[in-house]
Structures are given as structure tokens and as C-alpha cells.
Amino acid sequence: MNAGRRGLVVILCSWLLALTACGAQKEAAVPAAMEVKHSPKQPRSGQAVTISAIPKTPLTSVSLEYQIVEPGAYVALKDSEYKSRWVPLRMQTNGNGGFSAEIPGVIQVHRRLVRYRLKGVENGGQGVAAPAANDPEPNFAYFVYDGIPSWKAAIQPGGGDEKKRQAVEFGNDVMGQVQSYFLLGKIKDVENATWYQQSFGKDYHYTGTFVANGKVYDHVRFRARGGVWRYAMGKNMWKIDFNKGHHLQALNDYGQTYKTKWGKLNLRACIQQGDYGRRGEQGMYESVGFRLFNLAGVDAPRTHWISLRIVDGKEENPADQYRGDFWGLYLAIENEDGHFLEEHGLPEGNLFKMMNGQGELSNHADNQPEDGSDLRRLINAYHGRQNDAWWRANVDLPRYYSYRSILEAIHHYDVVAGKNYDFYFNPESAKWCVIPWDIDLSWGDHMYGNGVEPFQYPVLSRGPFRLEYENRLREIRDLLFNPDETDRLIDECAAIIARPGQLSIVDADRAKWDFHPIMRSRYAMGGKAGQGLFYQDSPTGDFTGMVRQMKEYVRRRANYIDRSLLRDGPIPQTPVITYAGIPGYPINGLRFKTSNFAGAGSFAAMRWRIGEIDAPKEIRGKSSKPGRYEITPVWESAELTEFRNDVAIPEDALKPEHVYRARARVKDATGRWSHWSPPVQFTAGAIQ
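Presented here is a report on the structure given in the accompanying data block. (Residues numbered from 1 in each chain as written. Predicted model: local features only at pLDDT ≥ 70, side-chain atom pairs only at ≥ 80, totals over all residues. Heavy atoms only, no water.)

As for the overall build of the chain
Part 1: For the chain, the helix and strand inventory stands at 15 helices and 29 strands.
Part 2: In terms of C-alpha radius of gyration, the chain reaches 28 Å, essentially the compact-globule figure of 26 Å for 688 residues.
Part 3: In terms of its C-alpha atoms, the chain occupies a principal-axis envelope of roughly 85 × 80 × 60 Å.
Part 4: Looking at the chain as a whole, 54% of its 688 residues are labelled buried.
Part 5: The contacts in the chain between residues at least 6 apart in sequence include a share of 73% that link residues at least 24 apart.
Part 6: Side-chain charges of the chain comprise 86 positive and 80 negative groups, with the mean position of each set lying 2 Å from the other. (Helix = DSSP H or I, 4+ residues; strand = E, 2+ residues; numbered from the N terminus. Rg over C-alpha atoms; globule rule 2.2 N^0.38 Å. Buried < 20%, exposed > 50% of the residue type's maximum accessible area, 1.4 Å probe, protein only. Contact = heavy atoms within 4.5 Å. Lys, Arg positive; Asp, Glu negative; His and termini not counted. Charge placed at Lys NZ, Arg CZ, Asp CG, Glu CD.)

Pasting the structure below:
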């Protein structure tokens, strides 16, 4: 092979390796000869389904083939039945250059998957197909479903406790409390993937069909996910890999679509390791924790709860409550890859998933190294002795201060041994950032880890950086991590999955898994799985008690932060502000005054801010949209280097009938900021 050809091969191989390493290729539609759709999107039993096709070039005829896949008799793409079991159906012209056909209502049966594909003939006799021949999903499909049924189960069927052995009926309002995801597959594949054929690699040995929000994603790959505890808990975690051109359009907990589709789906099992005593927190630790990171300005995964239903048997609700479609409550967690960067508005950059201090490239950006040399330079640098200027030039320190603040707030100490975070290089700032991951072992001082991560000592051991960090930590305590704001966030998240005093999806999940036989089998780990461990540490023996426990932790941890972490020198006295504007708080007459500067040092600067919050109310149920929290400013002044004891708020900064909090803080000549003043809370009025 000549040198030029060898060079070309090397380039091609490197390119392919980069694509493989990225693990999150961008969504790209595979060209098809026709625009095809079916109606209704998710039919019910007995409903006729119309298949419509609009050719991109004139066709003389179009024919349709459909395939029925019964529940409990899944047909995979590799099976011989996939190739042979197709029923032909001719399509008719509809007068607009398009074609249509009707699959009769008798074909539509609850829990059936119906696949279809089209073939057309051009004027010259050339055949065309939809989907295209190179489409990784070689057929279209719809899932016939009549709605989530009720479900009857006990916490411990046949147990000695009368209350636990009493079966209760969970109505369809409970079973549909969160959005449902469906996985259709062969029972042996499902059980092997999660229990019987334990594999710790990243290969996807099983395929199935995934359904979300009525849309079918056919021939997806699935496996168990996780590290050393992948198979420990019995109720294990799942990872779904979607086909190129067919990525998941996910919805958040409020029914809003994410800006970017997901190429991979991580499902946390919401089961918590049994030996920590916190089983029954039901994914709250990660849902609330990741929200805190995002609110603090640290990009972290989006999450939403789902009810997982696995269709691998003939019956949806058999007499044995441990079989059937309902698999319980899971937390969907955004994968940290190129889609993640796009969702969070971050420029395309190299992203490394860290494990044992080494990185795996999960997104490769053009014009950045693909051999890991950039990460190795970073690691070598922070293990060496760098001056302050190097750290300011190469690491996004303000973002790191926020990351470390929330890590401390929720006790996300499971970062020891160089894991559970990503390193991301932002090409616009030319700085490295830390992105959090896997924060389930948090919200308790007894949880695993010591909190040591690569930047902690080299950054926080330096006086100027420690001062800046404490300024940010103090601000996060004032504006976010406190009983007022964090309690509201906890209540908002809890209301998605629980209704105090009523049966909820968390109760159904407990009935499914607290005494599931697999939890004491040889396919799970005794200390991590185990039966009867729900709500062990709950002061009230239920989910409400787990929520209360989180709120109590906020108070204890806040005291610890104030006492042990905010230990830098004396800071200026906290100012006090008052309203000095037109009565009624009209947006064209807002004015505030502050007390005079006081402190050991001399005045250096001050700032004013306005943050919006939701109108005070008792949370009686799930909100219709994410809440508003004070740490997100709607208006801020510049850093004012001359002391001004009053400020006028611009008329266009606020909206009438919205609730706001005004605050001020001051800085002395040493660079230490005071606490933010106690807020002046008000409802903005109309222009006067």
C-alpha cells in the first residue's frame, strides 16, 4: 500500500473512531422516496387506520405491506418471521398525486404492534421504497393501545402483616400519573438483560420496540446500565439506544418538549441502595439535585419521571402482580453527549465521561483532538504545580465555584476515585468545565464518598480562589439553598409523583418492588437489594416522610455550610433595604433604599438585583410548568464602585402581577461580598 493510500486509510479510520467515540451522533433523517404518515397516531381497538403517502417523484402505483406483532410473541428484525410475515394491501390514488390505504379496524387490537412498509413504481418501472433501503428502521409502525388500566396489588402478598398483604386497586389516574414509556420485546431478552445474563460491557445484545407519547421507535437496542452495582438492586437500570434518524423526542414532567432529541435514554430505577436506608426517595435526590445544579448555573442533565411498561407477555395484568406490563417508576436522565451540549446552549466541544480518573470521549468536536491528548494535558497540568494565572486562563472558575457549592449542599461526595462527572472543553471561552453526573448517593452525610475531586485542592487551597468560592457559596445559600427556596423545589418535584393522603404512583412502585421475589434471589446482591426496605428511615413510614427528611437535611446542611465552609475572614455587614417608590409597586415607580455600608474593611462595590418567584401558595398538586426561583435574576445592576443608597428599577424589567424579591449586597476592599440583604418581596403593579 503506498503512503498516500495509507494516509487516507488512517484518516478514514480516525474519522470512524471519532464517530464511535462520540456516542451521540446528530439526528439526521434518512432520505425516503415518499412522505408517509398514519392516522390516528396511536389507534385504539377497532379503529381503522389510514396510511397516506405523498411521493417525492411521480409514481404509477404504490403498494403497502403490514405485519402484526402480538404481545408476548415479539418479532425481532433478525428473526426469519420478520422477513416472511407481511400482508399485502394495495393503495389507491387520492387525486392529489398521493396514495392511501386503510388497515381495517379488525386488525387493531389492544397492545398489538402493527408494522408497515411501502413500495412504489416510477414511470420508467424503477422500484422505490419507504422507508429507504438504508434506513436503520426498515418499516413504519404504530402501537394499538386503549389506555392505561387500573392495577391491583399488595405490598407483601401472603405476608404476616395484614395491612401489607391487603391488595388495593390503583386506578388508571394513579397508573397514568406520570407519562408511560413502553418497551416491547421477548420475555427471555428482557429478563436476560436485567437479571439472568449479566454483562458489564457497553454492548447492546437485545433489541425491541420503544413507544413514547404514542410514537413508535422500532428496532432499538437495550441493556442494563450502571457500574459496579449494575445488577445489585434487583430493580435495575435500563439504557435504550435509538437509531440514527429516529431519536427520542422526550417531554419533561410538565408535558413540554425538550429542545433537542435524545439519542440514548438512561432510566434510573428509583430504588436506592438498601444498605443506606433511604429506599423510597423515588428519584427525588437526583431530580431535585440536578435542578439545583442547573439553577446555580451549572449545566446538568434534565430529568423526568416515567412509568415503565414492558410488553413481553400475552396478559397486561395477570393475577401474579410481579408479572405483567407495569414495571414501576423510573427517572429518565438526559445523556451527557452532543445532544446535551445542544440542549443547554453550549458550543460544540470535546466532552469526556470520567471514570477512575480517565476519560472516555462522549462528544468529539471539529478542530479539537480526537485522541484524548487535550484531556491528558489537563490531567497532567492539575497534577502539577500551576500558578493562579494558569487556572484562570484554563478553567471556568466561576462555574466551578457553583459546581462545588451544590456538591457540598447536597453532599454529592461520590466523586472520589475520579468518577461521576464529565470534563467539557468550551471552545469559545477556551476553558474547561465540570459537569455533574450520577448524584443518587446524596442528601445524607452518611452517603458514600469524601467529596474529593481533581479541582478541589489545587483551586480551594489558594487564598484568592477560596475567597471567590466562599462569595459564591454564600450567595447560593442566600438565594437558593435555604429552607425557603429549596423546600419549594422539593415540594414541586414531590407533587409530580405523589398526592398526600391518596394513592400515588410511588405507592404502586412500592407494591411492585418492596417484596418482589427477585430482591432476595441470587440475581441480586443481598446488602444492596433485599425485601421490605422501603421507607426504613422515613419518620412517618411513607413517601411524605422521605420528603420531610430532605427538608430537614437542607436545614442541617445549611448550618454545616455556614459553620464549617464559610470560614474566610470577616465580611461586610449585611445591608438592609426598604421600598421607597410609589405605593402599590407600579412598574414605572419602583425604587429601593439601602442602609449604609458597614464593615471592617472599606467600601469597594455594591450590586442590586431583582429575582422572580412563584406567587405564594400551598402546593396541592402538580404544577403546570416548572417553578420560578429567586436565584434566576430578571434584573441586576452593574457592579457599582460608588456607594448609592437608592436605586430605580427600569420600567421594562418587570411585569405587572408577577411576584418579585429585591435585594442588595456590598463588597469591601479585600474582595469579600456581604450576604444579600433580606428580601423585599412585592407583587408588581400596573403603570400609574
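After that view, the rundown keeps rolling.
Some points on the sheet that holds strand E18 (residues 326-334)
Part 1: Spatial ordering of the closed barrel is given by E12-E13-E14-E15-E16-E18-E17, a layout of seven strands whose pairing is mixed. Across this sheet, the average inter-strand angle for adjacent strands is 40 degrees, counted without regard to direction. (Pairing = 2+ DSSP bridges. Axes fitted to C-alpha atoms, helices over the stretch in contact; angles between N-to-C directions.)

Side note on empty space enclosed by the protein
Part 1: Inspection of every chain in the model, using the stated rule, returns two cavities of 30 Å³ or more.
Part 2: Taken as a whole, the largest cavity spans an internal volume of roughly 60 Å³.
Part 3: In terms of lining residues, the largest cavity is bounded by Ala193, Gln197, Ser199, Gly201, Asp203, His205, Tyr206, Arg223, Ala224, Arg230 and Tyr231.
Part 4: Classifying every residue of the lining of the second largest cavity gives six nonpolar, two polar and two charged. (1 Å grid on protein atoms, 1.4 Å probe; cavity = no way out; pocket = protein on both sides within 12 Å on 5 of 7 lines; lining within 4 Å. Points joined across faces, edges and corners; volume = space filled by probe spheres on them. Nonpolar A, V, L, I, M, F, W, Y, C, P; charged D, E, K, R; others polar.)

Regarding the side chain of Arg115
Part 1: Note that Arg115 resides in strand E7 (residues 113-122).
Part 2: Arg115 gets classed as buried once you look at its relative accessible area, which sits at 0%.
Part 3: In terms of polar contacts, Arg115 uses its side chain to reach the side chain of Asp218, at 2.7 Å. (Polar contact = N/O pair within 3.5 Å; in protein donor to acceptor, adjacent residues only side chain to side chain.)

Some remarks on the packing of helix H10 (residues 397-410) against helix H12 (residues 463-479)
Part 1: Interaxial distance between H10 and H12 falls to 9 Å at its minimum, and their mutual angle equals 55 degrees. When the interaxial angle is binned, H10 and H12 end up oblique. Both H10 and H12 take part in a crossing whose hand is right-handed. Contacts between H10 and H12 pair Leu397, Tyr401, Ser402, Arg404, Ser405, Ile406 and Glu408 from the former with Phe465, Glu468, Tyr469, Arg472, Leu473 and Ile476 from the latter.
Part 2: Across the contact of H10 with H12, the residue classes break down as seven nonpolar, two polar and four charged. (Parallel < 35°, antiparallel > 145°, perpendicular 65-115°, else oblique. Left-handed = near helix turned anticlockwise from the far one by under 90°.)

So, the sheet that holds strand E5 (residues 92-93)
Part 1: The four strands are arranged E1-E2-E6-E5 in an open sheet whose pairing can be described as antiparallel. Each edge of the sheet is formed by a strand with only one pairing partner; in this case those strands are strand E1 (34-39) and E5.
Part 2: Both strand E2 (residues 49-55) and strand E6 (residues 99-103) contribute to a ladder of five bridges, which runs antiparallel. Paired with Val49 across the two strands is Ile103, which belongs to E6.

Looking at the packing of aromatic side chains
Part 1: Counting across every chain of the model gives 43 aromatic pairs.
Part 2: Aromatic pair Trp391 and Phe455: ring centres 5.5 Å apart, planes at 85 degrees, arrangement edge-to-face. One end of the pair, Trp391, is in helix H9 (residues 388-394); the other, Phe455, is in the loop between strand E22 (431-436) and helix H11 (456-460), with 64 residues separating them in the sequence.
Part 3: Ring geometry for Tyr400 against Tyr403: centres 6.1 Å apart, planes inclined by 40 degrees, an arrangement best described as tilted. Here the residue Tyr400 and the residue Tyr403 both occupy positions in helix H10, the gap between them amounting to three residues, near one helical turn. For the pair Tyr400 and Tyr403, a shared accessibility class is recorded, and that class is buried.
Part 4: Here a set of aromatic residues connected by ring pairs shows up, and it is made of Phe293, Tyr382, Trp390, Trp391, Tyr400, Tyr403, Tyr421, Phe423 and Phe455.
Part 5: Between Lys215 and the ring centre of Tyr217, over which it is positioned, the NZ or CZ distance is 5.4 Å. (Phe/Tyr/Trp six-rings, centres within 6.5 Å; stacked < 30°, edge-to-face > 60°. Lys NZ or Arg CZ within 6 Å of the ring centre and 35° of its normal.)

Thoughts on unusual backbone geometry
Part 1: A cis amide bond, omega 0 degrees, links Ser39 with the succeeding residue Pro40.
Part 2: Mapped onto the secondary structure, Pro40 falls in the loop between E1 and E2.
Part 3: The omega torsion of the bond from Ala130 to Pro131 falls at 0 degrees, within 30 degrees of zero and hence cis.
Part 4: As for its position among the elements, Pro131 is in the loop between strand E8 (127-130) and strand E9 (140-143).

Focus on the state of the cysteines
Part 1: Taken as a whole and judged by the stated rule, the model has zero disulfides.
Part 2: The thiol of Cys493 is unpaired, and the distance to the nearest cysteine sulfur, on Cys270, comes to 12 Å.
Part 3: Looking at Cys493, the relative accessible area reads 2%, which means it is buried. (Disulfide = S-S within 2.5 Å.)

Observations regarding helix H5 (residues 187-196)
Part 1: The buried fraction of H5 amounts to seven of the 10 residues, a majority that puts the element mostly inside the structure.
Part 2: Buried residues along H5 sit in contact with strand E13 (206-212), strand E14 (215-225), strand E15 (237-241), strand E17 (303-311), E18 and helix H14 (505-513).

Details of a nonpolar patch on the surface
Part 1: There is a patch of nonpolar side chains on the surface, built from Val228, Trp229 and Met525 and spanning about 290 Å² of accessible area.
Part 2: Checked against the element boundaries, Trp229 lands in the loop between E14 and E15.
Part 3: Trp229 sits in the partly exposed class, given a relative accessible area of 33%. (Patch = residues over 30% accessible without salt bridge, like charges linked within 9 Å, V, L, I, M, F, W, Y side chains within 5 Å. Areas by Shrake-Rupley, 256 points an atom, 1.4 Å probe, with all protein chains shown as cover. Salt bridge = Lys/Arg side-chain N within 4 Å of Asp/Glu carboxyl O.)

Overview of the pattern of salt bridges
Part 1: Enumeration according to the criterion identifies 48 salt bridges in this entry.
Part 2: Between Asp241 and Lys264 there is a salt bridge, and its shortest N-O distance comes to 3.5 Å. Of the two residues, Asp241 is situated in strand E15 and Lys264 in strand E16 (residues 264-268); the sequence distance between them amounts to 23 residues. Here Asp241 and Lys264 have matching classes, each one buried.
Part 3: Overlapping salt bridges, with partners in common, bring together Asp484, Glu485, Arg488, Glu612, Asp614, Arg628, Glu630, Arg661 and Arg663 in one network.

Notes on helix H13 (residues 485-497)
Part 1: Of all 13 residues that make up H13, 12 are buried, and the element is covered over most of its length.
Part 2: Inspection of H13 places Glu485, Thr486, Asp487, Arg488, Leu489, Ile490, Glu492, Cys493, Ala494, Ala495, Ile496 and Ile497 among the buried residues, and these make up the whole buried set.

Overview of the pairing of E15
Part 1: Within E15, five of the five residues are buried, leaving the element largely enclosed by the surrounding structure.
Part 2: As judged from the four bridges shared by E15 and E16, these two strands associate in the antiparallel manner. Residue Trp238 lies in a different strand from E16, and its bridge partner there is Leu267.

Let's talk about the side chain of Arg111
Part 1: Take Arg111: it is sitting in the loop between E6 and E7.
Part 2: The exposure class assigned to Arg111 is buried, which follows from its relative accessible area of 3%.
Part 3: Ignoring any residue separated from it by four or fewer positions in sequence, one finds Arg111 in contact with Pro71, Phe143, Val144, Tyr145, Val311, Gly313, Lys314, Glu315, Glu316 and Asp325.

Description of the packing of H10 against helix H15 (residues 543-565)
Part 1: The N-to-C vectors of H10 and H15 enclose an angle of 125 degrees; their axes lie 8 Å apart at closest approach. One element, H10, and the other, H15, form an angle in the oblique class. Contacts between H10 and H15 involve Glu408, Ala409 and Ile410 on the former and, on the latter, Tyr553, Arg557, Tyr560, Ile561 and Leu565.
Part 2: In terms of residue class, the contact of H10 with H15 is made up of six nonpolar, no polar and two charged.

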